[in-house]
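# Fold and contact review
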Amino acid sequence: MITFTICLLALIAGYFIYGRLVERVFGPDDRKTPALTHADGVDYIPLPTWKIFMIQFLNIAGLGPIFGAIMGAKFGTASYLWIVLGSIFAGATHDYFAGMLSLRNGGESLPEIVGRFLGMTTKQVMRGFTVVLMILVGAVFVAGPAGLLAKLTPDSLDTTFWIIVVFIYYILATLLPVDKIIGKIYPLFAAALLFMAVGILVMLYVHHPVIPELWDGLQNTNPEAAVLPIFPIMFVSIACGAISGFHATQSPLMARCMTSERHGRPVFYGAMITEGIVALIWAAAATYFYREHGMEENNASVIVDAITKDWLGAVGGVLAILGVIAAPITSGDTAFRSARLIVADFLKLEQKSMRRRLYICVPMFIVAIGLLLYSLRDKDGFDMIWRYFAWANQTLSVFTLWAITVYLARARKWYGLTLVPALFMTAVCSTYICIAPEGLGLSHWVSYVTGGLCTLIGAVWFIVWKKGIGYSYKK
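Everything numeric in this text was worked out from a predicted model, so none of it was measured.

The rules we used
- Residues numbered from 1 in each chain as written.
- Predicted model: local features only at pLDDT ≥ 70, side-chain atom pairs only at ≥ 80, totals over all residues.
- Heavy atoms only, no water.
- Helix = DSSP H or I, 4+ residues; strand = E, 2+ residues; numbered from the N terminus.
- Rg over C-alpha atoms; globule rule 2.2 N^0.38 Å.
- Buried < 20%, exposed > 50% of the residue type's maximum accessible area, 1.4 Å probe, protein only.
- Patch = residues over 30% accessible without salt bridge, like charges linked within 9 Å, V, L, I, M, F, W, Y side chains within 5 Å.
- Areas by Shrake-Rupley, 256 points an atom, 1.4 Å probe, with all protein chains shown as cover.
- Salt bridge = Lys/Arg side-chain N within 4 Å of Asp/Glu carboxyl O.
- Axes fitted to C-alpha atoms, helices over the stretch in contact; angles between N-to-C directions.
- Left-handed = near helix turned anticlockwise from the far one by under 90°.
- Contact = heavy atoms within 4.5 Å.
- Nonpolar A, V, L, I, M, F, W, Y, C, P; charged D, E, K, R; others polar.
- Phe/Tyr/Trp six-rings, centres within 6.5 Å; stacked < 30°, edge-to-face > 60°.
- Core = buried A, V, L, I, M, F, W, Y, C linked by side-chain atoms within 4.5 Å.
- Polar contact = N/O pair within 3.5 Å; in protein donor to acceptor, adjacent residues only side chain to side chain.
- pLDDT = per-residue confidence, 0-100.
- Expected span 1.5 Å × (residues − 1).
- Disulfide = S-S within 2.5 Å.

### Regarding the overall build of the protein chain
Each helix and strand counted, the protein chain has 18 helices and 0 strands in total. For 475 residues, the compact-globule formula gives about 23 Å, and the C-alpha radius of gyration of the protein chain, at 21 Å, lands near that figure. Viewed in the frame of its principal axes, the protein chain has a C-alpha envelope of about 60 × 50 × 40 Å. Buried residues in the protein chain amount to 60% of all 475 residues.

### Brief notes about unusual backbone geometry
Looking along the chain, the bond that leaves Phe231 and enters Pro232 is cis, with omega of 10°. Checked against the element boundaries, Pro232 lands in helix H11 (residues 230-237). With phi around 45°, His208 is a residue other than glycine that occupies positive phi space. Its identity is not glycine, yet Lys348 carries a phi of approximately 55°, on the positive side. Tracing the backbone shows Lys348 in the loop between helix H14 (300-347) and helix H15 (354-377).

### Focus on a nonpolar patch on the surface
A grouping of Leu440, Leu442, Trp445, Val446, Val449, Leu453, Leu456, Val460 and Val464 is seen on the molecular surface, where their side chains present a nonpolar patch of about 850 Å² in accessible area. In this fold, Leu440 is placed in the loop between helix H17 (416-435) and helix H18 (444-469).

### What to know about the packing of helix H6 (residues 78-104) against H17
Contact geometry for H6 and H17: axes closest at 10 Å, N-to-C directions at 115°. H6 and H17 meet at a crossing whose hand is left-handed. On the side of H6, the interface is formed by Trp82, Phe89, Ala90, Thr93 and Phe97, while H17 contributes Leu417, Thr418, Pro421, Phe424 and Met425. Across the contact of H6 with H17, the residue classes tally to 8 nonpolar, 2 polar and no charged.

### Structural notes on the packing of aromatic side chains
A complete count under the given rule lists 28 aromatic pairs for this structure. Between Trp402 and Trp461, the aromatic rings sit 5.6 Å apart at their centres with planes inclined by 85°, giving edge-to-face as the arrangement. Of the two residues, Trp402 sits in helix H16 (residues 381-410) while Trp461 sits in helix H18, which places them 59 residues apart along the sequence. For Trp402, a relative accessible area of 8% puts it in the buried group.

### Let's talk about the pattern of salt bridges
Going through the model one piece at a time under the given rule, you end up with 14 salt bridges. Put simply, Asp29 and Arg104 hold a salt bridge, and the shortest N to O gap is 3.5 Å. Placement of Asp29 in the loop between helix H2 (18-26) and helix H3 (34-37) and of Arg104 in helix H6 is noted, with a sequence separation of 75 residues between them. Classification of Arg104 as buried rests on a relative accessible area of 9%. Between Lys123 and Glu112 there is a salt bridge whose closest N-O contact spans 3.6 Å. Within this pair, whereas Lys123 is found in helix H8 (residues 120-152), its partner Glu112 is found in helix H7 (residues 110-118), the two being separated by 11 residues in sequence. As far as the burial class goes, Lys123 and Glu112 line up, both buried. Bridged by salt links that share partners, the residues Asp29, Arg31, Arg104 and Glu261 form one connected network.

### Notes on the packing of H2 against H6
Direction vectors running N to C along H2 and H6 enclose 35°, while the axes themselves pass 11 Å from each other. The crossing of H2 and H6 is right-handed. Seen from H2, the contacting residues are Tyr18, Val22, Glu23, Val25 and Phe26; seen from H6, they are Ile88, Phe89, Thr93, Tyr96, Phe97, Met100, Leu101 and Arg104. Grouping the amino acids of the contact of H2 with H6 by side-chain chemistry returns 10 nonpolar, 1 polar and 2 charged.

### Let's talk about the nonpolar core
Of all hydrophobic cores here, the largest spans 158 residues; its most connected members are Phe4, Ile66, Phe97, Tyr269, Trp282 and Trp311. The dominant element in this core, judged by the number of residues it contributes, is helix H13 (residues 264-293), at 18 residues. Beyond its immediate stretch of four places on either side in the chain, Phe97 contacts Val22, Val25, Phe26, Ile404, Leu408, Leu417 and Thr418.

### Quick notes on the side chain of Glu112
The class of Glu112 is buried, set by a relative accessible area of 8%. One polar contact links Glu112 to Arg127, side chain to side chain, over a distance of 3.0 Å. Setting aside residues up to four positions removed in sequence, Glu112 forms contacts with Lys123, Arg127, Asp345 and Phe346.

### Looking at the confidence of the model for the protein chain
Summarising the model, the protein chain shows a mean pLDDT of 85, and 91% of its residues fall at 70 or more. Across the protein chain, element-level confidence peaks in H2 with a mean pLDDT of 97 and bottoms out in H14 with 76.

### A short note on the environment of Gly138
In this structure, Gly138 sits in helix H8. Sequence separation between Gly138 and Thr431 is 293 residues; the distance between their C-alpha atoms is 26 Å.

### Looking at H13
Taking 1.5 Å of rise per residue, the 30 residues of H13 would be expected to cover 44 Å, and the 42 Å separating its terminal C-alpha atoms lies within 8% of that figure. Within H13, 24 of the 30 residues are buried, which leaves the element mostly enclosed by the surrounding structure.

### Examining helix H12 (residues 245-255)
With 11 of 11 residues buried, H12 lies mostly within the body of the structure. Turning to H12, its buried residues number three or more, namely Gly245, Phe246, His247, Ala248, Thr249, Gln250, Ser251, Pro252, Leu253, Met254 and Ala255. The opening residue of H12 is Ser244, an N-cap whose side-chain oxygen sits 3.2 Å from the backbone nitrogen of Phe246.

### Details of the state of the cysteines
Taken as a whole and assessed by the stated rule, the structure comprises 0 disulfides. The closest cysteine sulfur to the non-disulfide-bonded Cys361 is located on Cys257, 17 Å from its own sulfur. Of all cysteine sulfurs in the structure, the one in Cys454 sits closest to Cys429, which takes part in no disulfide; the separation is 11 Å. Residue class for Cys429 comes out buried when judged on its relative accessible area of 5%.

The structure is reproduced here in structure tokens:
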């Protein structure tokens, strides 16, 4: 528990120390925000800062920091280090700059921001790639909470019933103004999620389980270590608990509701650090579970159910599971909403009228229903969709980090803040697609060489670009 405590304190300190540094590098000021200059009563609506933080936190805290952390815990103590270092130096920095660049550029969606700094071709690719990822998120984050709800209700209310209920909610949350559903019920969802996190945290110290410490070594404890090496598999498995490209698609939603740039650090950087704390708590709890019950269990929802009921009792377990259910639901609805706004930005289609919103949403929901039917028909369908989502999610963070790095270099700001994470995540994602069973399935040696070459190309490209173009852009 000493390592866990140090990691927990490091995350908190990271917000106050490194988060402040990141904020100074960007330099927020008192200019008017899009919520005030583009108010439309649907997406651009001024909201209180505390509510924006709650919404941002719930938007980004899907299954990743819970299920991803549980799966990542199989790799041993290295998972704690990645959650802490990834959250502070990569994830929270990534989220802050993505949100602030949207805030400073009229509430632009992520593809527009990436295209602004990486060019029109990249913008077009990112438009399609991001919308597909959002639909994947929506599909993935229906099945998970529906399965957990089915466990809490009578047998007649099975998983299929709850999938229909959750999907109907997604439709309403996507189409209605942001303050009608999302702005009203998210504080309740946040209360359940925070109860879950605090409850498990307290029980960790009450039970004080014996879990590995840093000085025990960083060896890979995964039963399938031979085919699932820590690098890069663990860095993709944990995903949202350390860095996530999905977060950058959600930040513009809140950038359109903020009334001051100075609220960026608590909203964007703070929400990611909070998510890192949730991931760390579940990684520690899962480590305890694996030590007590072995590594055979692969269903994260079973582990969540067992831990919460064992530590918090029947009532507390139900409340905790409701928090786990709230997390993916509140990411799924805003994923669809984000997809709508990305398409609307691309087509220059105003979103004040319900009819124009339906033009975009109907085809999107049809595709999502198809993915859901596939995941229900095939016993491995959900796992396959999840793995592709995880890789696409991290790949999106690579594009975002490179766009931010270009912005910082052009603005004569300290671009090393995001250059190092951009290079690292380039290595992770390029190696993963080569080595993973659902990817190319190449040998470890070939995968590592390929990942290294991709990273080297990225570094050389940036050096050549920087020398050739210089600092021609200031913001």
